[in-house]
Amino acid sequence: MQTKTTFKLIGTALLSLVLTACGGGKGSALDNTLNGASSVSSTSSSSLSSAFGGDSSANSSASSIDTTSLSNIGFGSGGTFQPGKIGVGIGSGTLSPGGVTALTVNLVSITGTLVTQPVTVVFNSKCFAAQKALLGATTVESSSGEATTTYTANGCVGDDLITATVSYDEKVLTAQTTINVEQDTVGSVRFSDASPPQINLKGTGGTETSVVRFQVFGSTGAPIENIDVEFALSTTTGGLVLVNTTGKTNSAGYVSTTVQAGTVATSVRITAKTATGLSTQSNVLVVSTGIPDQNSMSLSLSDLAPISWNVDGVESVATIRMADAFNNLVPDGTAVSFTTSGGAIESSCITKDGSCSVKWKSQEPRPTIPDFDEFFVGPDLKVHCPNSLAECRSGRVKILATSIGNESFVDKNANGLYNGPLVDGFASSTTSKCYPNIPLSTAKIGAINGCDDLGEAYLDKNFNKQRDDDEEFVDFNVDGSFNSGDGIYNGVLCNNEESECNKASVSVRGDATLVMSSGYVYRDSSGLLPGQPSTEVSIGAGNSKSINMFLGDINGNGLPMGTTITVKTDTASNVTASVSPSFALGMSQEPTVMTLFLKAGDDVTKKPSGSVIVEIKAPTGLGNVTTALSVSVCGPDTLEVRDGNNQVTAPATTSNCD
Ligand SMILES: [Ca+2]
Ligand SMILES: [Ca+2]
Ligand SMILES: [Ca+2]
Ligand SMILES: [Ca+2]
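Residues numbered from 1 in each chain as written. Chains lettered and ligands numbered in written order. Predicted model: local features only at pLDDT ≥ 70, side-chain atom pairs only at ≥ 80, totals over all residues. Heavy atoms only, no water.

Report on the packing of aromatic side chains, specifying residues and quantitative values.
If you walk through the whole model with that rule in mind, you get 11 aromatic pairs. Arranged with centres 5.2 Å apart and planes meeting at 70°, the rings of F409 and Y418 form a pair that is edge-to-face. On the basis of relative accessibility, which here comes to 1%, the residue Y418 falls in the buried class. With 6.0 Å between their ring centres and 85° between their planes, F426 and Y489 make a pair best called edge-to-face. Taken together, the residues span a long stretch of sequence, with F426 in the loop between β31 (396-405) and α5 (442-445) and Y489 in strand β32 (residues 489-490) at a distance of 63 residues. For Y489, a relative accessible area of 1% translates into the label buried. If you follow R190 out to its NZ or CZ, it ends over the ring of F217, 3.8 Å from the centre. (Phe/Tyr/Trp six-rings, centres within 6.5 Å; stacked < 30°, edge-to-face > 60°. Buried < 20%, exposed > 50% of the residue type's maximum accessible area, 1.4 Å probe, protein only. Helix = DSSP H or I, 4+ residues; strand = E, 2+ residues; numbered from the N terminus. Lys NZ or Arg CZ within 6 Å of the ring centre and 35° of its normal.)

Put into C-alpha cells, the structure is as follows:
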C-alpha cells in the first residue's frame, strides 16, 4: 500500500513539473504544498521522507518544512489531495440496497505527503448509528497514511452522512462524505406477534383489543421503513373489527393494526398486504370469554399418596388446569387460590398456558378420625365406616383450588350464548345431585343427572359431598354465610340478564384427595391382618389352599408405592407357598387384598407342618419397615380305605390336624 501510494505521489509531482515547464501552472494549494520540490524527479527512492526530505541537496530551503507530521486528513495526496473529504469506492454513484463500498481516508503532512506515524481514524454515520448500515471497522489504525473500511447499506435509505475523525496533537481533524442509498423493494412481509394473543368477548370485561404486528423486509433482508400495508380480517363474525385497516412501517420495519373483539367467540387471522401485492397472515388470534368455567377445572397431584404420615416436608405438586366456556385456555395471569385440610399448601398461583402449580407439603395438621368413628374391615376385606359416614380414615386430605369464573351450560343452539333453560342445557335442581362441591355438569352426563348451578365453594373435609357446618367455604358474596346455588346461569355468556341468567361471577373450583400414606401395616386388635388365620391351616396331601388378607396401611389407606411382599417356607415342611401381588405395589390411595397360596406335598405320609412366613417390606419415608406374618400349617389325619383289592388313602374330612 505504501509503495503504491508513493509511486502515485511521485507521478503527481512529475505532472506538476511538466505543467510548470510548459507555463500552464497556476497558483494553487498544490503549488504551495509542493513548494520548491523541483528535485522530486531526480529522486527514485521509495521512501517518502527522502523523496521530499530536507536532505535533498537540490533544495536546501525545504529543510524548514515538516513533511512527516500529520497536518490534515482527506482523500488523496500531493496534488490530488482533497482536504476534509472521505474517498468513496463507488464515487458519486448511488449505492444499491445491501450494497457495499470502500471508504478511504488519507493522512497527510502539511506538504501533502502521506504520513507514516501511527494514527487512529474513527468512522461513523447516521445510518450506522441507527443500525441501518454496517461498517467493516469503526476504528482503523493507520501507519501508512491511509485508513480504509467498508460501508454496507442495511436498511438505510437516501443520504447518509459519513464522518471520519482523527484526534491528534490536541486537534481534531475530520473528513466526511455523503452516500446516497437507493430505496429497497419489498422482499417479504412477516407476522411478528399479537399482544395479547387472546382477547375477551366484547362486553365481558378484560382485554378486548389486541395489537397485531407485522414486519416488512427488503430484498436484502433488512427491515424497510415507510412501506404502506393494508390489513384485513379472516372473519368479522360477531362484529369483530380492525381499528385501522392501513399502516406504514416504522424505522424497524414494523407496522401494526388493532383488532377489536366482537360478541361471538371465534378465532381469527389478520392478513397484511403491501402495495406490491406481497401478503401474509397472522397466527390465530382467539376471541373468547377468557374466563374459567366450572366444567374445565382440572386439579391433579404429582403424588396422590406421598409417604408422609410419619414424615414432615414431603412434597406433592398440585397443578390446576383451566379453560373457558369454549374450552380455550384461560389467558396467562389468571389467579387461582388453594387451601387444604391437611399439611400445608402454597396459597396461590398465576396461570401460564392455561395452568399453574403449587407445592403441598406434609406437616401438621394430619387429619385424624376419632376412635368412635374409625373404620373397620368387614368379612369382605373392605373398609367400612360406622354411623353411615362417607369417610372414616385418618390421613386423608382434601385440597381445594378456586378461581373466579362462570358456571357451565350446554349451548344447544350453538350461538355462543346462554338463552335460558328452554333453549340451552342448564341443570339447577336443588336435590342431592347439586350438593357436591363439584357437581357433574350437564355437558358430562346430561341434564337429568347433572347439575350446573353452583353454591359457594367449600372444603369438603369429611368427603361427604355436602357442606357441613365445620367446613370452610369461599364466601363469594361476602354475606358471612354459606350460600347454595341461585338456580340460574351465572356467566358472561348470559344473553339476556332480564330473565333466567345474569353475568355475575362465581367461584369455580377443583378438588383432589391426597393420602398421607404410612409404611406401617394395618393389623386388628389381635395383631393379625384381617383375613389372616388365627389357627393352623389344615391342608390335605396334594391339596391347595388360598387365603385372602386385607393389606392396607395403619389408617386403612393404601400401603406406599414400592411396598414388596415375599413369602418364606424355611420354617415349614412339606408345603410350598407363593403370594400375590408378587410385584412391588404401585401408587394407590386404597388398600388391596393379598392372597397367600399354599400347597401340601403329595406324599400322604408327610404332613405339612411349621409356619409359612409372609414379609411385607414398606418404605416409611425414614427407611423401610418389615412386617412379618406367620401362618401355621398342618396336615389332617388320613384314612385308609379299601376299594376292592386296592388300598388307597384319602384326606380326612375334618380339619383337625392331630
Ligand atoms: Ca345458546
Ligand atoms: Ca347459578
Ligand atoms: Ca362435607
Ligand atoms: Ca356467602
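Moving on from the coordinates now.
Quick one: what's the story with the sheet that holds strand β18 (residues 254-260), residue by residue and with numbers?
The four strands are arranged β12-β14-β18-β16 in an open sheet whose pairing can be described as antiparallel. Two strands bound the open sheet, and with one partner strand each, they are β12 (186-195) and β16 (241-242). Where strand β14 (residues 209-218) and β18 come together, seven bridges link them in antiparallel fashion. Pairing of S210 across the sheet is with V259, part of β18. (Pairing = 2+ DSSP bridges.)

Break down the coordination of the calcium ion (ligand 1) for me, citing the residues and quoting the values.
Around the calcium ion (ligand 1), the protein contributes the donor atoms D411 (OD), N413 (OD1), N415 (OD1), L417 (O), N419 (OD1), D424 (OD) and D424 (OD), at 2.2 to 2.9 Å from the metal centre. When the donor residues of the calcium ion (ligand 1) are listed from N- to C-terminus, their spacing reads D-x1-N-x1-N-x1-L-x1-N-x4-D. A residue is classified by how much of its surface remains accessible, and N419, at 23% relative accessible area, is partly exposed. (Donors = N, O, S within 2.8 Å, 3.2 Å for Na, K, Ca; no water.)

How would you summarise the environment of S188 if you had to cite specific residues and measurements?
Structurally, the position occupied by S188 is in strand β12. Spatially, the C-alpha atoms of S188 and T220 are 9.9 Å apart, while their sequence positions differ by 32 residues. Here S188 is in contact with Q215, V216, F217 and L278, once residues within four sequence places are set aside. (Contact = heavy atoms within 4.5 Å.)

An account of the side chain of T563 is needed here, citing residue identities and associated values.
Mapped onto the elements, T563 comes out in the loop between β36 (544-551) and β37 (564-568). When its relative accessible area of 0% is taken as the criterion, T563 is described as buried. Side-chain polar atoms of T563 contact the backbone oxygen of P560, separated by 2.7 Å. Setting aside residues no more than four positions away along its own chain, T563 makes contact with F583, A584, L585, I616, K617, A618 and P619. (Polar contact = N/O pair within 3.5 Å; in protein donor to acceptor, adjacent residues only side chain to side chain.)

Outline a nonpolar patch on the surface, supporting the account with residue identities and numerical values.
Taken together, L304, M561 and M587 make up a surface patch of nonpolar side chains, about 260 Å² in accessible area. With respect to the helices and strands, M561 occurs in the loop between β36 and β37. Of the residues examined, M561 reaches a relative accessible area of 49% and is grouped as partly exposed. (Patch = residues over 30% accessible without salt bridge, like charges linked within 9 Å, V, L, I, M, F, W, Y side chains within 5 Å. Areas by Shrake-Rupley, 256 points an atom, 1.4 Å probe, with all protein chains shown as cover. Salt bridge = Lys/Arg side-chain N within 4 Å of Asp/Glu carboxyl O.)

An account of the coordination of the calcium ion (ligand 2) is requested, with residue identities and associated values reported.
Looking at the calcium ion (ligand 2), the protein donor atoms are E407 (OE), E407 (OE), D453 (OD), D486 (OD), I488 (O) and N490 (OD1), and they sit 2.2 to 2.5 Å from it. In this structure, the calcium ion (ligand 2) is surrounded by six donor atoms whose angles at the metal cover 53 to 164°, and the resulting shape is irregular. When the donor residues of the calcium ion (ligand 2) are listed from N- to C-terminus, their spacing reads E-x45-D-x32-D-x1-I-x1-N. (Tetrahedral: all angles 85-135°; square planar, octahedral: opposite > 155°, others 65-115°.)

Which residues make up the nonpolar core, and what values go with them?
Counting residues in each nonpolar core, the largest one holds 30 residues, and the members touching the most others are F214, F231, V259, I270 and Y489. Looking at this core, the elements with two or more residues in it are β12, β14, β15 (228-233), β18, β20 (270-274) and β22 (285-288). For this core, the element with the most residues is β14, which contributes three residues. Viewed by domain, this core spans two of them, domain 2 (186-288) and domain 3 (294-516), each represented by three or more residues. Look past the residues within four positions of V259 in its chain and what remains in contact with it is I199, E208, T209, S210, V212, L233, L240, V241, L242, I270 and L285. Ranked by size, the runner-up nonpolar core spans 28 residues in total, among them L107, C127, A175 and V181. (Core = buried A, V, L, I, M, F, W, Y, C linked by side-chain atoms within 4.5 Å. Domains from an automatic or database assignment.)

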